[in-house]
Amino acid sequence: MKLLLRQSSEVVTDKLAGIFPSRLFQLVSARTAEEIVARIASQDVDVVLLDVSIPAMENKRTFDAVRSLSPAPPVMVFGDVDSTPTMSSFLRHGATGMFTLQTEPDVIIHQVRQAVLGHRLARENAELRDTLIRKEKAVDILEHLGEAMSTVFDTRRILNLTLKIVRRALDCEICSLFLIHEGSGELVDSREIGRDGASLQLALWGEVGRGRQQFLLKAARRSIKSSEGLCLNRPEEITALFPESRVQPVDDGIRSLLTAPLTVKRRHLGVLVVANRIGRPGFSGEEIEVLQSIARQTALALEGVRSLERETSFQEKLSEQVDLATTRLKERNLDLQKRLAEKERANRKINAMAEEIRVKNLSLKNMIEQFRVIHEISQVIGSELENETLIKKIISEAASLLRAETVSIMLRNGDGNLRIKHALGLSNEVIKNTRVKQGEGISGWVMEEGKPILVKDVKSVRKEPANDTKYTTDSLLCVPLKIKGKNFGVLNVTNRSGGGAFDERDLFLLTILGNHAAVAIENARLYGTIRDNYFNTIKALVNAVEAKDTWTKDHSENVTNYSLKIADFLGLSEKQKDTIKYAGVLHDIGKIVISNSITDKPTSLTDDEWEIMREHPLIGQRILDPIDFLEPVKICIQTHHERCDGSGYPFGLMAHEIPLETRILSVADAFDAMIHSRPYRAALSVGEAVAELKRSSGSQFDPAVVDGLIRIVEAEALMTRREQ
């Protein structure tokens, strides 16, 4: 089978060559629509393959050019998964089939072979129809000729009728009839007969050159000599017939030649000679039979004219010949009709197979789309390392994928029971109070067995008491969450939106999603553990630094507590509060490399000492630089001595150029430093510290942050008085 590929890349060509075995398929390629059309015209191409994975107008041009041919070979489109919509568009416009390069080779080969078989059957049907039409035409012509010959008794009219019928039956460019002269025995051009009469023979002919006529006469003589007709369809055969001629028939415009002797009772009366079949390179075997039938009937008609006394016998023999030819042609027509019926039955089977392939292609397309969605969901949840956010994303994506009303994730806690970590479609009361023991109910069974379950009718399941069942519909899915064979939770899905029950395909998709979710949750847990270990290590280092300085003992912890209270008051997100928690503990870590003689100096610092002291934000940033996940924390540490009026250090940032987390940290740092003693001054009272914050609000500090801290301090003082 010959496959013609519009080449898009060497990689694709090599891959297709690996799919189609060379013992069964011949794979050739072309780059443009013109090359493909030329190859189809010069070669017997079974299937045209178009790669539509790379959008190109050349694909459309090639498709239209191939489809415009008659007959047109089948066109199959292929590509990657993402080009499925484009392949579907080509199918709607007449492509025979489609496949992806990820499809199993056996499936691809099967589709291509079916397309080839369908094309060959269609081509054979067309050829059979053409043959049937030609046969019916020949029968009609011969019947007409037989009827006409039986009523014509004039030589010129017989000759004209014969040539007219030959031209009509064989669609030839040149038609000549040579008769044997009764006196000399030589062949005579039939146009010479009747020149002196009132009605010249062959008035409908165009003139044929003398050179051509000589070649036709030589062919007639050769046919009389051998008593057989000649069929020469190739130029070399015509040339071989006239080796002694200085000018060859091909040079004089003769491309094909066919002769049939006019014979009655083994006696030659003349020869019919035709040349140059119109529309085809040569004459077929059927056309040879038609010419021979016409020659026999013409010979009988001429013999009848010459032997009027045998008119009755002539009519009988002519009728016998016509009946015999007609009977044979009708028998062949009947055989062709039977074969055509068989082909039509085969076509119906092929159409049924094509419909089956279309249904399977549609199912394959749906599966590809579902796997694409699963892949995108896996990428989304796989990129999230915050445990709470991750679990919410998993629930949201599961609800969207399966069109579910209720989705929940249950994780095993310290006592071994399952608790709802997060849910969509459940009330806070249900989330808070639900406890499931391992092995209890549907979720407990899945947790214990580690197997997914599909329940199409929840009411028929009695693994948990009916009065404790929270389900309001008849369908649910539950899959285990496990890592390295150990179950740590379950993923529940209930209530399909719009009604209806879940099926096995939904369970398959949720199982895949559950596997990805389990890995993502475990990665988030490991990431949190690593991050906490980093933090605890650095916090221990900070505590060690503060332990040697009684003046700043617990300062970092106090700053962190005040900062988090302000963040809650201002409504910051959990991510922002995490940044503040780390930055509060680590904001003065840069002082670890500054001498105690500077940090504990009881008098004012010199200019040089101030320059050293002002380096500690950048030193702290450099200490933490290797820790990637502390990137926002590093910015807070760098900028915690910046001021809103731009007079701070080390960068001189102003107002909202300073991150909000840093502005909160700066107020908390200043407040805690003021209410605790330092070597160079005594501690201020809380009221004095608040007054100082108000005085610096808008210049050094953010007014909104200062207002938040003051409200917190006042609320704590009021609570203390109430307790006392």
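Structure's up top.
Along each chain, the written sequence defines residue order, and numbers are assigned to residues from 1. Where totals are concerned, whole chains, interfaces and linings use all residues; where local detail is concerned, this predicted model gives features only for residues with pLDDT of at least 70, and gives and counts side-chain atom pairs only at 80 or more. Hydrogens and water molecules were not included; the side-chain quantities draw on all heavy atoms of the structure.

Below, the discussion takes up the environment of C172. What counts as a helix is a DSSP run of H or I of at least four residues, what counts as a strand is a run of E of at least two, and both are numbered from the N terminus. One can find C172 in strand β6 (residues 172-180). Look at C172 and you get buried, because its relative accessible area is 2%. Taking the C-alpha atoms as reference points, C172 and N276, separated by 104 residues in sequence, lie 5.6 Å from one another. Ignoring sequence-local partners within four residues, the contact set of C172 consists of V166, R167, V274, A275, N276, R277, I278 and F283. Exposed residues in this analysis have more than 50% of their type's maximum accessible area, buried residues have under 20%, and partly exposed residues fall in between, with area computed by a 1.4 Å probe over protein chains only. In what follows, residue pairs with any heavy atoms lying within 4.5 Å of each other are defined as contacts.

Buried Ala, Val, Leu, Ile, Met, Phe, Trp, Tyr and Cys residues form a nonpolar core when they are joined through side-chain atoms within 4.5 Å. Counting residues in hydrophobic clusters, the biggest one holds 35 residues, and the most contacted among them are L586, L630, V633, V667, F671, L693 and L709. For this core, the secondary-structure elements that each account for two or more residues are α15 (555-570), α16 (574-586), α20 (631-639), α21 (660-674), α22 (686-696) and α23 (703-723). Tallying contributions element by element places α21 first for this core, with seven residues. The next biggest cluster of nonpolar side chains, apart from the first, holds 30 residues, and it includes I394, L481, I483 and L513.

Sheet architecture is open: six strands sit in the order β13-β12-β11-β16-β15-β14, paired in antiparallel fashion. The open sheet terminates on both sides in strands that have one partner only, identified here as β13 (435-436) and β14 (453-455). Where strand β12 (residues 418-424) and β13 come together, two bridges link them in antiparallel fashion. Each residue of the ladder has a partner; that of L418, found in β13, is V436. Axis definition: a line fitted to C-alpha atoms, over the contacting stretch in the case of helices. Angles run 0 to 180 degrees between N-to-C directions. Across the sheet, helix α13 (residues 441-449) lies against β11 (404-412), β12, β13, β14, β15 (476-483) and β16 (486-496), angled at about 145 degrees from β16, the strand it touches most. The pairing criterion is simple: DSSP has to find at least two bridges between the two strands.

The strands making up a sheet are joined through hydrogen bonds of the backbone, oriented either antiparallel or parallel. One open sheet holds the five strands; their spatial order is β7-β6-β10-β9-β8, and the pairing between them is antiparallel. One side of each edge strand has no neighbouring strand; the edge strands of this open sheet are β7 (187-189) and β8 (231-232). Bridge count for β6 against β7 is three bridges, and the pairing is antiparallel. Note that in β7 the partner of L179 across the bridge is V188.

Now for a nonpolar patch on the surface. Among the surface-exposed residues, I592, V593 and I623 lie close enough to one another that they form a single nonpolar patch of about 220 Å² accessible area. Overall, V593 belongs to the exposed group, its relative accessible area being 54%. Patch rule: a residue counts if its relative accessible area is over 30% and it has no salt bridge; like charges are joined within 9 Å, and nonpolar side chains (Val, Leu, Ile, Met, Phe, Trp, Tyr) within 5 Å. Accessible areas in this description were obtained via Shrake-Rupley with a 1.4 Å probe; residue shielding takes into account the shown protein chains only. Think of a salt bridge as a Lys or Arg side-chain nitrogen and an Asp or Glu carboxyl oxygen that are within 4 Å of each other.

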